[in-house]
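Fold and contact review
The primary structure of each chain is shown beneath.
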Amino acid sequence: MTIDLSTKYLGLHLKNPLVVAACPLGQSLENLKRLEDCGAAAAVLPSLFEEQIEHDSAEIARVYEYGTESFAEAITYFPEMNKYQFEADTYLEHIGKAKKALSMPVIGSLNGVSTGGWIRYARLIQEAGADALELNIYFIAADIDTSGQEVEKMYTDLVAAVKQSISIPLAVKIGPYFSSPGYMARKLVDAGADGLVLFNRFLQPDMDLDDLDITPRLVLSTPFEQLLPLRWTAILHGRLKASIALTSGIHDHHGLLKALMAGADVGMVASVLYKKGFDEVGRMLQGVAQFMEEKEYESVEQLKGSMSQENCPHPAAFERGNYMKALTSFTPGRA
């Protein structure tokens, strides 16, 4: 029996459904080559952060303008701005090198908040050769005077503006913290998103009691974290005219299978690569193929969405029924 692992994501034809999520591993061209050799079907490059762009621009402007208030001749202290290389320029060069070295699709990633910055660099990422663009929207509505409606409008306006500025496929990576995630998902697709990446992990800051300071904290994902995006993938499958990528918590072939059966077109991995190494990519794909053969699935397309809400024997399990059942069936010592 021949197993067809191919899938389609953002209109891209992929040899299998395993995609490397945006993470520091993608900064190295050698890492990307190894991941492709291990079987990865595509890779999302690490995000280019708007703060990086603004910081680099501000620093160069500061140096360029230093001393100009003293002597008119001071404007010749430094060469023209276009001779400097911003962090963003390095990022764009990396896209070009990756496209030349790899046969798998390369997806650029932007993380920011201002419309102007997003549009400009979305175009530049497209010009650099990226096959698609992922908008990684990381926004905490910390202003208590900002309404949920305002936040949602900011998201949809941003997506619409970026979509109008590029011709490559656009994916939007969001978090789950909306009052109605399903409605928001549909609004983003209506605004122009070709795909949704579920979900962004909002990394929480911690407190350093010795230094009395706030410190960043990065913890690798666990398989438990897959349950939230799994639920919403299953709910949204078949209801949106857009691709779905499930990210967070995929640590073995079981996790990848669950993502596909819930309705995802691809599963994105990062933490597992740090924990188990790049060879885990091949092991996961082998496990998926073996499962499909045992269950007599001929293709990923046939498998996809088979356990989504619309196809599940007990669809209420994705809603409130699961909450009640989980609580009433809990037995101490089985946690």
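Residues numbered from 1 in each chain as written. Predicted model: local features only at pLDDT ≥ 70, side-chain atom pairs only at ≥ 80, totals over all residues. Heavy atoms only, no water.

**Looking at a nonpolar patch on the surface**
Short version of the rule: In this scheme, patches are assembled from residues that exceed 30% relative accessible area and form no salt bridge. Like charges are connected within 9 Å, while nonpolar side chains (Val, Leu, Ile, Met, Phe, Trp, Tyr) are connected within 5 Å. Surface accessibility follows the Shrake-Rupley procedure with a 1.4 Å probe radius. Residue values consider only the protein chains on display as shielding. Salt bridges are defined as contacts in which a side-chain nitrogen from Lys or Arg sits within 4 Å of a carboxyl oxygen from Asp or Glu. Secondary structure is summarised from DSSP: a helix means a run of H or I of at least four residues, a strand means a run of E of at least two, and numbering begins at the N terminus for each.
On the surface, Met207, Leu209 and Ile214 cluster together into a nonpolar patch covering about 380 Å² of accessible area. Note on placement: isoleucine 214 falls in strand β11 (residues 213–215).

**Describing the packing of aromatic side chains**
Put simply, the rule reads: For Phe, Tyr and Trp, where Trp contributes only its six-membered ring, two rings pair if their centres lie within 6.5 Å, and the inter-plane angle classes them as stacked under 30 degrees, edge-to-face over 60, or tilted in between.
Evaluated as defined, the whole model comprises one aromatic pair. Seen from their ring centres, tyrosine 155 and phenylalanine 178 are 5.3 Å apart, and the 85° between their planes marks the pair as edge-to-face. One end of the pair, tyrosine 155, is in helix α5 (residues 148–165); the other, phenylalanine 178, is in the loop between β8 (170–174) and α6 (181–191), with 23 residues separating them in the sequence.

**Points about helix α7 (residues 227–236)**
The periodicity of an α-helix, 3.6 residues per turn, causes residues three or four positions apart to be oriented the same way. For the record, the criterion: Whether a residue is buried, partly exposed or exposed follows from its accessible area with a 1.4 Å probe, protein chains only, as a fraction of its type maximum: under 20%, in between, or over 50%, in that order. In this analysis, two residues are considered to be in contact whenever any of their non-hydrogen atoms come within 4.5 Å of each other.
With seven of ten residues buried, α7 lies mostly within the body of the structure. When α7 is considered as a whole, its buried residues turn out to be Pro229, Leu230, Trp232, Thr233, Ala234, Ile235 and Leu236. Summarising the contacts, the buried residues of α7 are in contact with α6, β9 (195–198), β12 (243–247) and α8 (253–262). Glycine 238 occupies a position one or two residues after α7 and carries a positive phi of about 80°.

**Brief notes about the confidence of the model for the chain**
Applicable threshold: Values of pLDDT, the confidence the predictor places in each residue, fall between 0 and 100.
Averaged over the chain, the pLDDT score is 86; the fraction of residues at 70 or greater is 81%. Under a pLDDT of 50 for its full length, residues 55–86 has, in the predicted model, 23 contacts with residues more than four places off or in other chains.

**With respect to the pairing of β12**
Convention followed: For two strands to count as paired, DSSP must find a minimum of two bridges between them. With its strands directed away from the observer, a crossover is right-handed exactly when the path from the first strand over the helix to the second travels clockwise.
The buried count for β12 comes to five of five residues, which makes it a mostly enclosed element. Of the two faces of β12, both are covered, the one formed by Ser243, Ala245 and Thr247 as well as the one formed by Ile244 and Leu246. Taken together, the four bridges between β9 and β12 define a ladder with parallel strand orientation. Counted as the bridge partner of valine 197 is alanine 245 from β12. Sheet topology note: the β12/strand β13 (residues 266–269) ladder contains three bridges and is parallel. From the neighbouring strand, alanine 245 faces β13, where its bridge partner is valine 266. At this point the chain moves from β12, through α8, to the parallel β13, and the crossover so formed is right-handed.

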